[in-house]
Structure formats: C-alpha cells, structure tokens
Amino acid sequence: MTLSRRGVLGLAGAVGAAGAVAGAAPAARAAAPGAAPGSAGSAGSAGSAGTPGTPGTAGTPGTAGTAAAPAPERVLTGCERLAAGGYAELAGQRVGVVTNPTGITADARHLVDVLHADPRVDLVAVFGPEHGFRGSAQAGGSEGTGRDPATGLPVYDTYDTGGQRLADLFTAAGIDTVVFDIQDVGARFYTYVWTLYDCMRAAALAGKAVVVLDRPNPVGGRRAAGPVLERPYASFVGREPIALAHGMTAAELALLFNGEFLGSRPVRLRTVPMTGWRRASFYGSTGLPWVPPSPNMPTPDTALAYAGTCLFEGTTLSEGRGTTTPFEVVGAEGVDRRWAEAANGLGLPGVWFRETWFTPSFSKHAGKLCGGVRLIVHDREAFDPVRAGIGLLVTARRVWSGFGWRADHWIDRLTGSDRVRTLVDAGAGVEEIAGDWAAGLARFAAVREEYLLYP
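Residues numbered from 1 in each chain as written. Predicted model: local features only at pLDDT ≥ 70, side-chain atom pairs only at ≥ 80, totals over all residues. Heavy atoms only, no water.

This paragraph deals with the confidence of the model for the chain. Residues at a pLDDT of 70 or more form 82% of the chain, whose mean pLDDT is 86. Across residues 1-66, confidence stays below pLDDT 50; counting only partners more than four residues off in sequence or on other chains, it has 129 contacts. (pLDDT = per-residue confidence, 0-100. Contact = heavy atoms within 4.5 Å.)

The buried fraction of helix α7 (residues 250-260) is high, at 11 of 11 residues. A250, A251, E252, L253, A254, L255, L256, F257, N258, G259 and E260 are the residues of α7 that are buried. (Buried < 20%, exposed > 50% of the residue type's maximum accessible area, 1.4 Å probe, protein only. Helix = DSSP H or I, 4+ residues; strand = E, 2+ residues; numbered from the N terminus.)

Taken in spatial order, the seven strands make up an open sheet running β3-β4-β2-β1-β5-β6-β9, and their pairing is mixed. Looking at strand neighbours, the two that pair on one side only are β3 (146-147) and β9 (268-272), the edges of this open sheet. Strand direction decides the pairing type here: strand β2 (residues 122-128) and strand β4 (residues 154-157), joined by three bridges, are parallel. Residue pairing in the sheet places F127 in a bridge with Y156 of β4. Across the sheet, helix α5 (residues 163-173) lies against β1 (94-99), β2, β4 and β5 (177-181), angled at about 150 degrees from β2, the strand it touches most. Contacts between helix α6 (residues 192-206) and the sheet are confined to β1, β5, β6 (209-213) and β9, with β6 contributing the most and set at about 155 degrees to the helix. (Pairing = 2+ DSSP bridges. Axes fitted to C-alpha atoms, helices over the stretch in contact; angles between N-to-C directions.)

Reading across from one edge, β10-β12-β11 is the order of the three strands in this open sheet, with antiparallel pairing throughout. The open sheet is flanked by β10 (329-332) and β11 (351-358), the only strands paired with a single partner. This sheet shows a mean twist of 25 degrees between the axes of neighbouring strands, independent of strand direction. Sheet topology places β10 next to strand β12 (residues 370-377); four bridges connect them, and they run antiparallel. Bridged to V330 within β12 is V373.

As a further point, take the packing of helix α10 (residues 385-399) against helix α13 (residues 430-448). At a minimum axis separation of 9 Å, α10 and α13 run at an interaxial angle of 130 degrees. As judged from the angle between their axes, α10 and α13 are oblique. Crossing hand, α10 versus α13: right-handed. Together, V386, R387, I390, G391 and V394 of α10 and V430, E431, I433, A434 and W437 of α13 make up the contact between the two elements. Class assignment for the residues of the contact of α10 with α13 results in seven nonpolar, one polar and two charged. (Parallel < 35°, antiparallel > 145°, perpendicular 65-115°, else oblique. Left-handed = near helix turned anticlockwise from the far one by under 90°. Nonpolar A, V, L, I, M, F, W, Y, C, P; charged D, E, K, R; others polar.)

For α10, built from 15 residues, the straight-helix expectation of 21 Å at 1.5 Å per residue is met to within 8% by its first-to-last C-alpha distance of 21 Å. A large share of α10 lies buried, amounting to 11 of its 15 residues. Within α10 the residues assigned to the buried category are P385, V386, A388, G389, I390, G391, L392, L393, V394, T395 and A396. Measuring from the backbone nitrogen of V386 back to the side-chain oxygen at the start of α10 gives 3.0 Å, which picks out D384 as the cap. (Expected span 1.5 Å × (residues − 1). Polar contact = N/O pair within 3.5 Å; in protein donor to acceptor, adjacent residues only side chain to side chain.)

Right, here's the structure in full:
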C-alpha cells in the first residue's frame, strides 16, 4: 500500500507487510461502499435485495391529496451486513466484541444478544469502553469488569487501557478476533475512536485480528474541520494528529490508523462498510434509531454542536452537563444577554445564538442559575461547530469578566495544542485563530482522502 502523503502530514509509522490490511489499497477503498472494501470474500455480498433490514419507510408522509415522495434508502450498518453475509468474517474464530448500547440492529436488538444466539458465531467475551458496556457511567468513568446477566458472558473494562496491558487482556479472554461496533459522533475528543485505536494496537501486539463494523458519522462526513492535534498534547481525548472534527466513520479511521500510525506493526484489519450512506448525510436521513452513545449525548442535535461546545470543558463555564440539552447550552453564573449579542454579531453561518438560562443538576455550577447561550442551528450544511465554539470562547472572554480556563489547561488537550488558548488570551478573532490551524488541516484533509469509503 502506498501512502504518498505521510511525509507531508508528518504522521508516524510505515506500512507493514503486504496484506496486513485486507483490501487496503487506496484505489480499492475509494470504490462504491457496496463493494465492502476491506472485507474480501465475506461481507461483499451483503446488502443485496432480500437481506435483513431492507430499506424502511423513514421520512415524513406525503401531504394528503399529493403523491408521497419515495422513502429514502435506509442505511444498512456494518453489523447488519455482517449478518447478511452469514458472519463469514468470524467463521472459526473465538470472538470478543467491543461495544456499548449503540451496538444495535435496525430493530433495536443488541449485537451481543444477536451474536450470542447465533450458532455460527463463537462469542466468548465483551469489552466495554468509557461509560461502560451498558452506558451507565458518567464522563471519565466506566462500569468495571463483571458478567452480562443476559448472556452470562464476561465483560471486561477497557476504559483508557492500552498497549501490552490490553493485549494481555485479549489473550486472557481467549479471543482470536476483536469486533468493534460503537456509534461515534465525529469529534476527535470523543474517546470511542481512541478505544478503537488502542484495541488495534493491542490486537497487533497479541496477534489478534480486528473487524470494524461501520456506522454513520451522525454529523456527516463532507469535510474535516478545526485544528490538528500536535503530538506533545496527546492524551485519551486525542492519541494521534487528526483534525478536531475528522469527518470520517469508524471504519475509515481504522484504515487511517492502520496505514498512518501503527508503524511496522499494523493489525490484521477487516472493515464491514455500510450501504446507503453518503458523506452529505446527517443522522436523521439514515432511517436508523438513535441510541445515546453516552449519557450526555441524548440526540443527534447534541452531536451536531458537540465538536464546538465541548471546548467549554476546558473553561470555568458549564457546557450544559446536568441539563436536558447538554452541549446545546453553555453558560455560568453572572453571564447576561451581552454574550448572545456578541456571538450573533460574529455573523457565523448556519447558527443563531439565543440568550438562555439553566440550572445544571450536576457537574459545573450544579444547582445554580446560569445565564448563557443556546445554539440554534438553522442550516446544518453551512454550520461549522468548531468555528462556532471558537466564536463563543472569543466573545465570552470579551464580555464576561469571570471567564477563565481550567487550571490544568485541559483546553490544550481538547484543541490539540496551546495555540487556541494563547490566541484567545491575546484577543484574536475567529478568523485569525482558524487561519492558524489552516495549513495543518489542509495536510490532514489530503491524507484523509486516501481512506474514505463513501461518496
């Protein structure tokens, strides 16, 4: 496999022996997603007429007296296409699944229950990420290790576990193949993509294979946005230099991780892509049920704002945790209408900022009345959440004397360097700050193109 842009982007690692990534040639991966790149000889036949999960009737019924518009094609996820292919990717292997409540079929059955009940699959273990296999833990927590009461399978806690320790866990669990199926939200600091990365590295160390079952990026995949992480600022909210809003799916990221970051030890990787998904699609057009990927990600609208407003985790203001609309509202005690006025004065496309009031039930400013801003996205295609988040940081600092960063400079981990923080402190505007990351983003975008699976 040739990765012509690695030297340009400065990403680490060289590709290993030929064949380490099934179907990984960039030209092949650029083919239509129905061809199941990276799934040679198995799921490639999935998604044909008559397979489970035929396109449904998602959409708004037509107006009375007029012909109803044809229902859009429903997206078939990787897990559905794996089933339609008779689980050929898993034949003869002892399987461990990395998943959470989002790992479901179109009729809301959980992947673990489905695989456990099917005699064609030897499922022996489950691995839970941040928030846990059942999704009950808050941010920065997990559920620990135990047994799934429905299946009796052992459930291992993988939160922020990697390297040889995770490799040893895979060996102790007695698995041959790690299956990853979790709904992502498209932001670098959402930790599930780094659980995937850690699992890939550990599987390579342990001599295991990885199969990634793909799901939509709920905010679309038209473009990448925001700053690219600098290596000295790597953490579990960003292991490697990708853009803050990466515009990729889990399977695409897995291919990029394997080609760019795993060096001389790429994992034996297979992907099972979706059918029916397009890069311009938002989640509401997929026909799929939404299951909150984490306790503070209740709707696809939350995901739309998240890449920008989660930056407020790095400040003394509330990012809306403890409300019914986390990441759609931000604020603090003492903030008044001047913030919304200043933010609207920026003229950012696709979004309005409305004065709002809220009282968080937990997290920052719990039990206290906060003034702040509510984001109202009126044009999803024009909206850039990262610029919106930067605009809110810039205007909050200008109009509210209580603005401050977290003492640990967590904002630097979220943005991937100290540049955003220092520029905001210096009084820079949105365009100046975005211009600072433009060159790095362009380099990432060029490499990203080589790993995209969908039109």
